Amino acid sequence: RLDNLRQNGFGAKDLDWKSLQANRLEVLDRVQSRAEEYEFLTHSCSKGSALALMEEFGLGNWAIIRAMSPFPGFGMTGGICGGVTGSLIALGLFFGSDDPEDYEGTGRTMTAARAFIARFKDELGTIMCPELQEDLIFGRYMDPRASKENFAAFKNARGYEKCALPAGVGARLAAELILAGNNQLD
């Protein structure tokens, strides 16, 4: 599937919103599963969550995925989880506008972002990478980019498998907001 996306892209789709709504749980499960899979394959929670949402809803392009490269843990500095940042990018693509002075589009995106962040915190307890690693994933903060030893320990602890959870949860929560559409956010 990833190779197919590389070859054929994932640009704009003519979405059947009635079908998406009728198959809501299937869509949410698919988005979550793919975000987890893409996180594992790309070794990036931000790319995994964004890619699954962009694929499902026909958003964006490969330049956006490339731009997601420094977003896991904000450059692995202990910042916001990439499952959050990747999902926020997709929400911006969906609710935002191509017009930089479209303040209503900015407002829709901010409303979606606030709802998303609150739901992510409710679901996983925090949006911060170190806290997710300590409280949910490993029992401690691995800080994989701090040293070669930390990176080896992260890989040995199956970090790319385990860190797929926040990417999947984030993508699912963002997909819920996208499926709810603008009417639910006003």
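Now for a description of the structure that goes with this document. Throughout this description, residue numbers start from 1 for each chain and increase along the sequence as written. It should be noted that, the model being predicted, local features are given only for residues of pLDDT at least 70 and side-chain atom pairs only at 80 or more, the latter also being counted only at that level, while totals for whole chains, interfaces and linings use all residues. Excluded from the side-chain calculation are hydrogens and water; included are all heavy atoms of the structure.

## Focus on the packing of aromatic side chains
Working definition: rings of Phe, Tyr and Trp (its six-membered ring) pair if their centres are within 6.5 Å, and the pair is stacked with planes under 30 degrees apart, edge-to-face with planes over 60 apart, and tilted otherwise. Enumeration according to the criterion identifies six aromatic pairs in this entry. Ring centres 4.8 Å apart and planes at 85 degrees place the aromatic pair F94 and F95 in the edge-to-face group. A centroid spacing of 5.9 Å and a plane angle of 45 degrees characterise the contact between F116 and F120, whose relative ring orientation is tilted. Taken together, the residues span about one helical turn, with F116 and F120 both in helix α8 (residues 103-124) at a distance of four residues. The two residues F116 and F120 agree in class, both being buried. By way of ring pairs, the aromatic residues W17, F57, F94 and F95 are connected into one cluster. A cation over an aromatic ring shows up here: R145 above the ring of F151, its NZ or CZ 4.8 Å from the ring centre. Labels follow the DSSP assignment, with helices taken as runs of H or I lasting at least four residues and strands as runs of E lasting at least two, numbered in each case from the N terminus. To sort residues, take the accessible area from a 1.4 Å probe on protein chains only and compare it with the maximum for the residue type: under 20% means buried, over 50% means exposed, and anything in between is partly exposed. Only lysine NZ and arginine CZ atoms are considered, and such an atom sits over a ring when it is within 6 Å of the ring centre and within 35 degrees of the ring normal.

## Brief notes about the state of the cysteines
Note on terminology: disulfide denotes any pair of cysteine sulfur atoms within 2.5 Å. A full pass over the atoms with the stated rule returns zero disulfides. Note on C45: no disulfide assigned, nearest cysteine sulfur contributed by C81 at a separation of 4.7 Å. A relative accessible area of 12% places C45 in the buried class. Here C163 is not disulfide-linked; the sulfur of C129 is the nearest cysteine sulfur, at 6.2 Å.

## As for unusual backbone geometry
Positive phi values are uncommon outside glycine, yet D143 reaches one of about 45 degrees. Inspection of the secondary structure puts D143 in the loop between α9 (129-137) and α10 (148-156). Even without being glycine, R158 reaches a positive phi, approximately 60 degrees. On the secondary structure map, R158 appears in the loop between α10 and α11 (159-162).

## Details of the nonpolar core
Among the buried residues, those of types Ala, Val, Leu, Ile, Met, Phe, Trp, Tyr and Cys that are joined through side-chain atoms within 4.5 Å form a nonpolar core. L53, F57, F116 and F120 are the most contacted members of the largest nonpolar core, which has 38 residues in total. Those elements giving two or more residues to this core turn out to be α1 (2-8), α3 (24-42), α4 (45-57), α5 (62-67), α7 (82-95), α8 and α12 (164-180). Counting residues per element, this core draws most heavily on α12, which supplies eight residues. Among residues more than four places away in sequence, those in contact with F116 are G83, V84, S87, L88, L91, G170, L173, A174 and L177. Formed by six residues, the second largest nonpolar core is a distinct cluster that contains F138, F154, Y160 and C163. By definition, residues are in contact when any of their heavy atoms lie within 4.5 Å.

## Quick look at α8
With 22 residues, α8 extends 31 Å between its outermost C-alpha atoms, agreeing within 8% with the 32 Å of an ideal straight helix rising 1.5 Å per residue. Those residues of α8 that fall on the buried side of the exposure criterion are G105, T109, A112, A113, F116, F120 and L124. Looking down the long axis of α8, one finds its buried residues gathered within 105 degrees of arc, a one-sided arrangement. When the buried face of α8 is taken as reference, the exposed residues oriented beyond 90 degrees from it are Y103, E104, M110, R114 and D122. Against α7, α9 and α12 lie the buried residues of α8. Counting of polar contacts relies on pairs of N or O atoms within 3.5 Å, with two restrictions inside protein: one atom must be capable of donating a hydrogen and the other of accepting it, and residues adjacent in sequence are counted only when both atoms are side-chain atoms. By the N-cap criterion, in which a side-chain oxygen at the helix start approaches the backbone nitrogen of a residue two or three places on, α8 is capped by D102, the distance to E104 being 3.2 Å. The positive-phi residue at the C-terminal boundary of α8 is G125, with phi of around 95 degrees. Helix span is expected to be 1.5 Å times the residue number reduced by one. Think of the arc as the fan of directions from the helix axis to the C-beta atoms.

Geometry only, nothing functional implied.
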